[in-house]
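Overview (structure and organization)
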Amino acid sequence: MREQSAAHEAEAGGGCPVPRRKISILGSTGSIGTQTLEVVRNNGDIQVTALAAGSNTELLEKQIREFKPSLACVWDEEKAGQLKLSVADLPVRVVSGMEGLLEAAREKEAHMVVTAVVGMIGIRPTIAAMEAGKDIALANKETLVTAGHIIMPLAKERGVRILPVDSEHSAIFQCLNGEDGRRIHKLLLTASGGPFRGRRLEELEGVQVEDALKHPNWSMGRKITIDSSTMVNKGLEVMEARWLFGVEIDQIQVVIQPKSVIHSMVEFEDGAVMAQLGTPDMKLPIQYALYYPERRFLPGERLDFWTLGQIVFEKPDFDTFRGLRLACEAGRRGGSLPVVFNAANEYAVNEFLNRRIPYLGIVEMIEKAMGSHQVVENPTVDQILEAERETRELLGGGR
Ligand code: NDP
Ligand code: MG
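Structural notes, computed from the coordinates. (Residues numbered from 1 in each chain as written. Chains lettered and ligands numbered in written order. Predicted model: local features only at pLDDT ≥ 70, side-chain atom pairs only at ≥ 80, totals over all residues. Heavy atoms only, no water.)

Right, let's talk about the coordination of the magnesium ion (ligand 2) for a bit. Protein coordination of the magnesium ion (ligand 2) is provided by Asp166 (OD), Glu168 (OE) and Glu237 (OE), with donor distances spanning 2.1 to 2.2 Å. All donors of the magnesium ion (ligand 2) come from a single chain, and their spacing in sequence reads D-x1-E-x68-E. A residue pair is termed long-range when its members are at least 10 positions apart, and glutamate 168 in helix H8 (residues 167–175) and glutamate 237 in helix H11 (residues 232–245) qualify at 69 residues. A relative accessible area of 8% places glutamate 168 in the buried class. (Donors = N, O, S within 2.8 Å, 3.2 Å for Na, K, Ca; no water. Helix = DSSP H or I, 4+ residues; strand = E, 2+ residues; numbered from the N terminus. Buried < 20%, exposed > 50% of the residue type's maximum accessible area, 1.4 Å probe, protein only.)

What follows concerns the pattern of salt bridges. Following the criterion strictly, the structure yields 32 salt bridges and no others. Notably, a salt bridge pairs arginine 332 with aspartate 250, separated by 3.0 Å at the nearest N-O pair. Linking arginine 332 in helix H14 (residues 322–333) with aspartate 250 in the loop between H11 and strand S9 (252–256), this pair joins segments that are 82 residues apart in sequence. Residue aspartate 250 is classed as exposed on the basis of its relative accessible area, which comes to 58%. (Salt bridge = Lys/Arg side-chain N within 4 Å of Asp/Glu carboxyl O.)

This paragraph deals with the environment of serine 96. Tracing the backbone shows serine 96 in strand S4 (residues 93–96). Using a relative accessible area of 23% as the deciding quantity, one classes serine 96 as partly exposed. Each C-alpha atom, one on serine 96 and one on alanine 80, is 6.1 Å from the other, the two residues being 16 residues apart in sequence. With residues up to four places along the chain from it excluded, the contact list for serine 96 reads Cys73, Val74, Trp75, Asp76, Glu77 and Ala80. (Contact = heavy atoms within 4.5 Å.)

A few words on the site of ligand 1. As a structural note, the neighbourhood of ligand 1 is formed by 25 residues, with Thr29, Ser31, Ser55, Asn56 and Glu142 the closest of them. Here threonine 29 contributes a side-chain N or O atom positioned 2.6 Å from an oxygen atom of ligand 1. Here an oxygen atom of ligand 1 and a backbone polar atom of serine 31 are 2.9 Å apart. Those elements giving two or more residues to the shell around ligand 1 turn out to be helix H2 (31–43) and helix H7 (141–158). Its residues assigned to classes, the shell around ligand 1 shows 12 nonpolar, 10 polar and three charged. (Near = heavy atom within 4 Å. Polar contact = N/O pair within 3.5 Å; in protein donor to acceptor, adjacent residues only side chain to side chain. Nonpolar A, V, L, I, M, F, W, Y, C, P; charged D, E, K, R; others polar.)

The next subject is the packing of H8 against H11. At a minimum axis separation of 10 Å, H8 and H11 run at an interaxial angle of 30 degrees. In terms of crossing hand, the pair formed by H8 and H11 is right-handed. In contact with Glu168, His169, Ile172 and Phe173 of H8, H11 contributes Lys234, Glu237, Glu240, Ala241, Leu244 and Phe245. Here the contact of H8 with H11 is built from residues that sort into five nonpolar, one polar and four charged. (Axes fitted to C-alpha atoms, helices over the stretch in contact; angles between N-to-C directions. Left-handed = near helix turned anticlockwise from the far one by under 90°.)

Our focus in this paragraph is helix H3 (residues 57–67). Buried within H3 are the following residues: Thr57, Leu60, Gln63, Ile64 and Phe67. Mapping the buried residues of H3 onto a view down its axis gives an arc of 115 degrees, with all of them on the same face. With respect to the buried face of H3, the exposed residues turned more than 90 degrees away are Glu58 and Lys62. Against H2, strand S2 (46–53), strand S3 (71–74) and helix H4 (77–86) lie the buried residues of H3. Just downstream of H3, lysine 68 is the residue with a positive phi angle, here 50 degrees. (Arc of directions from axis to C-beta.)

Moving on: the pairing of strand S5 (residues 112–115). On a regular strand, each side chain points to the face opposite its neighbour's, so the side chains alternate between the two faces of the sheet. Of the two faces of S5, the one carrying Met112 and Val114 and the one carrying Val113 and Thr115 are both buried. With four bridges connecting them, strand S1 (residues 21–26) and S5 associate as parallel partners. Looking across to S5, one finds that isoleucine 23 is bridged to methionine 112. Handedness of the crossover joining S5 and strand S6 (residues 135–138) through helix H6 (residues 123–131): right-handed. (Pairing = 2+ DSSP bridges. Right-handed = clockwise from strand over helix to strand, strands pointing away.)

Let us now look at unusual backbone geometry. Residues tyrosine 292 and proline 293 are joined by a peptide bond in cis, for which omega reads 10 degrees. Among the secondary structure elements, proline 293 is positioned in the loop between helix H12 (283–291) and helix H13 (305–308). Phi is positive for methionine 231, close to 70 degrees, though the residue is something other than glycine. The buried category is assigned to methionine 231, whose relative accessible area is 3%. Although it is not a glycine, asparagine 378 sits at a positive phi angle of roughly 40 degrees. Mapping asparagine 378 onto the fold places it in the loop between helix H16 (361–371) and helix H17 (381–396).

With that settled, the discussion passes to the packing of H7 against H11. H11 packs onto H7 with a crossing angle of 20 degrees between their chain directions and a minimal axis gap of 8 Å. Here H7 is positioned roughly parallel relative to H11, judged by the angle of their axes. H7 and H11 meet at a crossing whose hand is left-handed. In contact with Lys141, Leu144, Val145, Gly148, His149 and Met152 of H7, H11 contributes Asn233, Leu236, Glu237, Met239, Glu240, Trp243 and Leu244. (Parallel < 35°, antiparallel > 145°, perpendicular 65-115°, else oblique.)

Looking now at the sheet that holds strand S8 (residues 184–191). One open sheet holds the four strands; their spatial order is S9-S8-S10-S11, and the pairing between them is mixed. Strands at the two margins of the open sheet, each flanked by one partner only, are S9 and strand S11 (273–277). With direction set aside, neighbouring strand axes in the sheet form an average angle of 20 degrees. As paired strands, S8 and S9 are joined by five bridges and run parallel to one another. Looking across to S9, one finds that alanine 191 is bridged to isoleucine 256. Together, S8 and S9 form the strand contacts of H11, whose direction differs from that of S8 by roughly 150 degrees.

Structure (structure tokens):
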């Protein structure tokens, strides 16, 4: 990777105003996508080569006008057609659907692709970007959870870096700077506990969409906010960490730290524990991934330990938040079981957000899907997508 960094420097050398870094962003209109563009705007030396969104063409058009990518993708074909007309005055090509998303992932100028789409839809574009030699700034955790056994070896084979954007994984990554990853004894993955921390299971029966969307510390997309309330998000992060840092599931301990001040920790073999702390602001891990290994100034609030006073820790309640327990089980068993865990959760969260199932129906669906699945070892991408389809079919006739 040193070679590629050197290439970036060379481009910027001799007072030439060519931007040093070129990135494409998949999911540019979402929470991570817009914050990535904020980081780009604040720094002023990154060129955006491609942007992709689902259907929010209004925001995408604004982004195209400001950041001037050469390629833009909208999943929805009809909306892509409308966007094409409204940006006809600009030198941008508009594409759509999975083919378009793959094209955006492979856009030839980019050095790095920020994967900020939500859900398993990220698998194929992430692989396409890596095959095209791009480094990945990875926010889309569902891809690693379901296809980590394909993604990690592929990164090695292609010599591309996977830089974590998820705050916990960025924290661990930062704690491992200059360390030997083989000397990890344990990863301590911190969790806020979400809006329902301290509640008993029966108290969660009547939870409404609005209640679950109130995260105490972080402002994020809807799906991950629901996942945080069920602690399924932490379960997905356990599986994500397992792939990123090459540890066993049982080397990962989830620790509740309600204020989200410590973003995660690493315990080494000699008992030393390293932690990364900061205010809860996703722009820090995003910027760290974009400029790694360089640190840059980031405007915003700083931790004030005099005001903070104390940092409190708790053990997670695995009975109330059964999704976390099931995630660890799925991760431990491996094969296609994490795919089913994730696919069932994606399906169920969408059902809950559309008010078609009760809150506790989310974990019930995950349990049902995991219970009826025949595990496939080392699933291929096709088998992963097939397991996803089967899960959706089992839970709702493929809706
Ligand atoms: P959002 O829901 O806010 O954004 C999702 C983005 O993906 C939007 O730009 C959306 O477009 C786009 N998108 C959805 N479907 C498609 C599609 N089929 N093709 C192309 N683009 C699509 O999600 P977040 O930003 O919160 O999360 C993104 C990922 O990052 C998730 O995997 C999440 O787990 C992870 N993450 C998020 C964190 C956060 O703080 N938000 C923290 C850590 C990880 P449109 O707007 O048009 O629908
Ligand atoms: Mg996280």
